[in-house]
Amino acid sequence: METTLDNNVKNKLATWNHPYKVAKEFSKRTAYFSMEFALHQGLKTYSGGLGFLAGSHMRSVYDLKQNVIGVGILWKYGYYDQNRNRDQTLRVDFVEKNYSFLEDSGLEVEVRVNNNYQVKVRALVLKPEVFGSAPIYFLTTDVEGNDFLSRSITNNLYDSNQETRVAQSIVLGIGGAKIIEALGGADVYHLNEGHALPAFYYLQNQGSKAQMAFTTHTPERAGNVENNAYYLNNLGFFGERFSDEQVRQKMTNGDNVNHTVAALRFAGTANAVSKLHAVVAANMWKDFSGTAKIIPITNAQNLLFWQDDEVKKAWKKKDAKSFVKRKKELKKSLFEEVLEQTGKIFDPEVLTIVWARRFAEYKRADLLLRDLNRLEELLSNSERPVQIIWAGKPYPTDGYAIDVFNRLVNYTKYRPNLAVLTGYEIELSQKLKKGSDVWLNTPRITREASGTSGMSAAFNGSVNLSTDDGWIPEFAQDEKNCFVLPAIDFNLPTHQQDYIDSNNLYDILIEKILPTFYDKPNEWNKIVFKAIDDVVPEFTSERMAKQYYKELYLQEK
């Protein structure tokens, strides 16, 4: 099918809709493919960290005047709306989303999914001036002319049906590549994780000479998607239908395709998302030939979007009095949400700890509940009181994660200084990062590729308390800009790791953090300001966006 292009928008699309003159050093035309983009509370096209990263990246593209556009999917029901059952436990709701600020680009292409060769994919554009980001083309199959199954492909982010997930990759990868072709093509096609892998197959089939770049996020083999090659071929994953013999010649890992390995073989340049992750990833894939070298480009967050202006002023002047005053105001704002959701009144004078992120098993949301006697000792200290808040979205069909969430709800329900909040999206994330004193991060070592929530928390004077994983080894100066749990052997059985880490966590809270916060406020404020000094600009997406151009886009295979 010929690409449909409205003549009224053709000229604007040819310039990728940038409202600025592209900076000379960032002129290479780059298309950035991501399953998620988190740009604003009112645009539900993300589930968590991957989206927060992509959103910050696209904001810095705008700030730096880079020649980049985003390609994503317009999820009809978003990820899901996180609400409560009558007993306050988790309820998953899917509610249709509509966005009047997205404009029909006039672009429509067709892709093959299974035996349907004419699945229509339409692109709606988010213009840069709406949220201050790169232009982003959001793809949807919910268009007139598609049958019911085709229209449902873009219903739910990370749909639980495997065939639908493959179809989503085809829409993002091949549909997105065709949209980019209609916009005049790109010099670089950058896949943020392997979801859009079909784009690389499609470009290869078209004989494209464009550079391919790839970012891997998952630091363990089991978390990297692998599918049967013949199954993918039948669904249209490779952009055209190959014979079984051709599949055998083209595919890797026997009869299966490991999406990460395939992307690394296509890519001219590739990166991991922290220095530690680069080491882990290189070791994971060292036995596979023909893969791109994996360099570290550590994830980051957009400072202008995430940092509170008054905190910034206090930090710049090293004005502890103004910082403390503003922090209490921000805590009061957060505590209004606590009161609204839980009926509890928190005290802005009390040390407030927040654990907030995706409820994955390895992140250990319930590590503080590992020893209830020690936890009760912590909670009952009237001289040095604490308040703890949990928030985050479990995957909607992950029974284990939902059980952990509900266990926390039931444990905290009648305790006045504990709370579990729902609706963990951009708006609540900002309140938590600005209103917390301590940002708790508890992944098992080597399991967190990067993690970025602690960066934007540190922007706002929240002190990280973390295991030494992801981005933390690049940042941490223990007891100077954060608090770090002692290193342990990550090869130990998980229950032993949890036992050791939980004991160290209680020790640090009781013996170090609480005495410093309450008895040595000047020392605490030094840690706060030192953390902001060390996180800015090294862990801002301005640095990251520049590094992508220098080390990923301007390099050739």
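Conventions used here
- Residues numbered from 1 in each chain as written.
- Predicted model: local features only at pLDDT ≥ 70, side-chain atom pairs only at ≥ 80, totals over all residues.
- Heavy atoms only, no water.
- Pairing = 2+ DSSP bridges.
- Helix = DSSP H or I, 4+ residues; strand = E, 2+ residues; numbered from the N terminus.
- Axes fitted to C-alpha atoms, helices over the stretch in contact; angles between N-to-C directions.
- Contact = heavy atoms within 4.5 Å.
- Buried < 20%, exposed > 50% of the residue type's maximum accessible area, 1.4 Å probe, protein only.
- Phe/Tyr/Trp six-rings, centres within 6.5 Å; stacked < 30°, edge-to-face > 60°.
- Lys NZ or Arg CZ within 6 Å of the ring centre and 35° of its normal.

Some thoughts on the sheet that holds strand S1 (residues 30-33)
Hydrogen bonds between backbone groups are what pair the strands of a sheet, and the pairing can be parallel or antiparallel. If you trace the 9 strands from one edge of the open sheet to the other, you get S5-S6-S7-S2-S1-S8-S9-S12-S13, paired in mixed fashion. Only two strands of the sheet have a single partner each, and these edge strands are strand S5 (103-113) and strand S13 (294-296). Neighbour to neighbour, the strand axes of the sheet diverge by 25 degrees on average, direction disregarded. Relative to strand S2 (residues 68-73), S1 runs parallel, the two sharing 4 bridges. From the neighbouring strand, Thr30 faces S2, where its bridge partner is Val68. Seen against the sheet, helix H5 (residues 162-182) touches S1, S2, S5, strand S6 (116-126), strand S7 (136-140) and strand S8 (188-192) and runs at an angle of roughly 125 degrees to S5.

Quick look at helix H16 (residues 426-435)
The periodicity of an α-helix, 3.6 residues per turn, causes residues three or four positions apart to be oriented the same way. By the criterion of burial, H16 is predominantly enclosed, with 8 of the 10 residues buried. Where H16 is concerned, the buried positions are Ile426, Leu428, Ser429, Gln430, Leu432, Lys433, Lys434 and Gly435.

So, the sheet that holds strand S16 (residues 418-421)
Spatial ordering of the open sheet is given by S16-S15-S14-S17-S18-S19, a layout of 6 strands whose pairing is parallel. Each having just a single partner strand, S16 and strand S19 (483-484) make up the two edges of the open sheet. In this structure, strand S14 (residues 351-356) lies alongside strand S15 (residues 386-391), joined through 6 bridges in parallel fashion. In the strand pairing of S15, Val354 is matched with Ile389. On the sheet, helix H13 (residues 320-342) packs against S14, S15 and S16 and is oriented at approximately 80 degrees with respect to S16. Relative to the sheet, helix H15 (residues 399-412) contacts S15 and S16, its axis offset from that of S16 by approximately 145 degrees.

Things to note about the packing of aromatic side chains
What the rule picks out here adds up to 32 aromatic pairs. Taking 4.8 Å as the distance between ring centres and 65 degrees as the angle between the ring planes, the aromatic pair formed by Tyr201 and Phe238 counts as edge-to-face. Residue Tyr201 is located in helix H6 (residues 198-205), and its partner Phe238 is located in the loop between helix H7 (229-235) and helix H8 (244-250); the two are separated by 37 residues in the primary sequence. A centroid spacing of 5.9 Å and a plane angle of 65 degrees characterise the contact between Trp285 and Phe288, whose relative ring orientation is edge-to-face. Each member of the pair, Trp285 as well as Phe288, is classed as buried. Pairwise contacts between aromatic rings join Phe200, Tyr201, Phe237, Phe238, Phe242 and Phe266 into one cluster. The cationic tip of Lys393 hangs over the ring face of Tyr80; the distance from NZ or CZ to the ring centre is 5.0 Å. Directly above the aromatic system of Tyr411 lies the positively charged group of Arg415, at a separation of 3.8 Å from the ring centroid.

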